[in-house]
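Here is how the chains run, residue by residue.
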Amino acid sequence: MRDAYHEELDSIGDSLIEMARLVGSALGRATTALLDADLALAESVIAADEKINNLHHELENRAIDLLARQQPVATDLRIVVTSLRMSADLERCGDLARHVAKVARLRYPESAVPSDLHATVLEMGQLAQRLVAKAGLVIATKDVDKALELEQDDDAIDALHRDLFAHLIDDRWQHGIETAVDVTLVGRYYERFADHAVSVAKRVVYLVTGEHVDDFVAASEAAAGE
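Read on for an overview of the structure. (Residues numbered from 1 in each chain as written. Predicted model: local features only at pLDDT ≥ 70, side-chain atom pairs only at ≥ 80, totals over all residues. Heavy atoms only, no water.)

**Comments concerning the packing of helix H5 (residues 144-168) against helix H6 (residues 176-209)**
Here is the rule we go by: Lines fitted to C-alpha atoms define the axes here, with helix axes fitted over just the stretch in contact, and angles between the N-to-C directions of these axes take values from 0 to 180 degrees. The way it works is that DSSP assigns letters per residue, a run of H or I at least four long becomes a helix, a run of E at least two long becomes a strand, and they are numbered from the N terminus. An angle below 35 degrees is treated as roughly parallel, one above 145 as roughly antiparallel, one from 65 to 115 as roughly perpendicular, and anything else as oblique. Crossing handedness is defined as follows: a turn of the near helix away from the far one that is anticlockwise and smaller than a right angle gives a left-handed crossing, while the clockwise case is right-handed. Each residue gets one label: Ala, Val, Leu, Ile, Met, Phe, Trp, Tyr, Cys and Pro are nonpolar, Asp, Glu, Lys and Arg are charged, and the others, such as Gly, are polar.
At a minimum axis distance of 9 Å, the contact between H5 and H6 shows a crossing angle of 170°. The orientation of H5 relative to H6 falls into the category roughly antiparallel. The way H5 lies across H6 gives a crossing that is left-handed. Across the contact of H5 with H6, the residue classes break down as 17 nonpolar, 4 polar and 7 charged.

Here is the structure:
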């Protein structure tokens, strides 16, 4: 019975890793659809979000079932509860990838992003993909040091997000209000996607150490200074 129980716990982790893989793929394809005005690709991203949602719901049901049947305590309880929260973060990443694809679909046959901003948006998409891939690796390895790196990695996306806004408020902006709204929304979607990836990594820190990131870092720094 205990072997079966721990297999169920492991399967929840496997589902989280698969969700991270799926949302990363979704964002990459949504970015291509956005920049290339690829309607078929945008539609495929929108349709594929159902698979991510289904994984999220299945994971929720399994976790709740484990709570009811096994009444886990200590580390096992932390695994189940934290997994539920990570699943919610990853499901939201899937939603944000779908939102990017919807902007692409809305502006077809034109690209919603002006050509002079393609490089910035492409880099945001690639960085966000790498962040969620790293979050998936952190889930698999329970590597606290790597988990702590994600917050610094996120700084690059925040800088690109600010760069987008600098273009929008520049007096030389000539692409109109509609395009400005599109770029604002898309920039926000990438920025929030990255934030959810960081949140996943922070939850892994809590899962492994039993401490929230700020408390863990403060304790580590205090110990290093002794």
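Back to the write-up after that little detour.
**Remarks on helix H2 (residues 39-70)**
Spelled out, the test is: What a helix should span is 1.5 Å times the count of its residues minus one. Exposed residues in this analysis have more than 50% of their type's maximum accessible area, buried residues have under 20%, and partly exposed residues fall in between, with area computed by a 1.4 Å probe over protein chains only. Identification of polar contacts relies on pairs of N or O atoms within 3.5 Å, with a donor-acceptor requirement for protein atoms, meaning one able to donate a hydrogen and the other able to accept it, and with residues adjacent in sequence counted only if both atoms are side-chain atoms.
Taking 1.5 Å of rise per residue, 32 residues should cover 46 Å, and H2 covers 47 Å from first to last C-alpha, within 8% of that figure. All of the buried residues along H2 are Leu 41, Ala 42, Val 45, Ile 46, Asp 49, Ile 52, Asn 53, Leu 55, His 56, Leu 59, Ala 63 and Leu 66. Its side-chain oxygen placed 3.3 Å from the backbone nitrogen of Ala 40, Asp 38 serves as the N-cap of H2. Positive phi appears at Gln 71, one or two residues downstream of H2, with a value of about 45°.

**Examining empty space enclosed by the protein**
One way to see where empty space is left: roll a probe the size of a water molecule over the atoms. To be explicit about the condition: Buried and open spaces are told apart on a 1 Å grid over the protein atoms alone, a cavity being a set of points where a 1.4 Å probe fits but cannot get out and a pocket being an open set with protein on both sides within 12 Å along at least five of seven lines. Residues with an atom within 4 Å of a point are the lining residues. Grid points are joined across faces, edges and corners, and a volume is the space filled by probe spheres set on the points.
Following the criterion strictly, the structure yields 1 cavity of 30 Å³ or more and no others. What the largest cavity holds in volume is close to 40 Å³. Forming the boundary of the largest cavity are Ala 147, Leu 148, Leu 150, Glu 151, Val 198, Ala 201, Lys 202, Val 205 and Val 213. For the lining of the largest cavity, the elements supplying multiple residues, two or more each, are H5 and H6. For the lining of the largest cavity, a count of residues per class yields 7 nonpolar, no polar and 2 charged.

**Topic: the packing of aromatic side chains**
Rules: Two rings belonging to Phe, Tyr or Trp (six-membered ring only in the last case) form a pair when the distance between their centres is within 6.5 Å. Interplanar angles under 30 degrees mark stacking, angles over 60 mark edge-to-face geometry, and anything in between is tilted. Geometrically, a charge over a ring is one whose NZ (Lys) or CZ (Arg) sits within 6 Å of the ring centre while staying within 35 degrees of the ring normal.
Going through the model one piece at a time under the given rule, you end up with 0 aromatic pairs. The ring of Tyr 206 has Arg 78 sitting right over it, with the charged end atom 6.0 Å from the ring centre.

**Things to note about the environment of Ala 42**
Heads up, the rule is: Should any heavy atoms of two residues lie within 4.5 Å, those residues are considered in contact.
Relative to the assigned elements, Ala 42 resides in helix H2. Look at Ala 42 and you get buried, because its relative accessible area is 0%. Residues Ala 42 and Tyr 108 lie 66 residues apart in sequence; the distance between their C-alpha atoms is 9.7 Å. Residues within four places of Ala 42 in sequence aside, it is in contact with Ala 33, Ala 101, Ala 104 and Arg 105.

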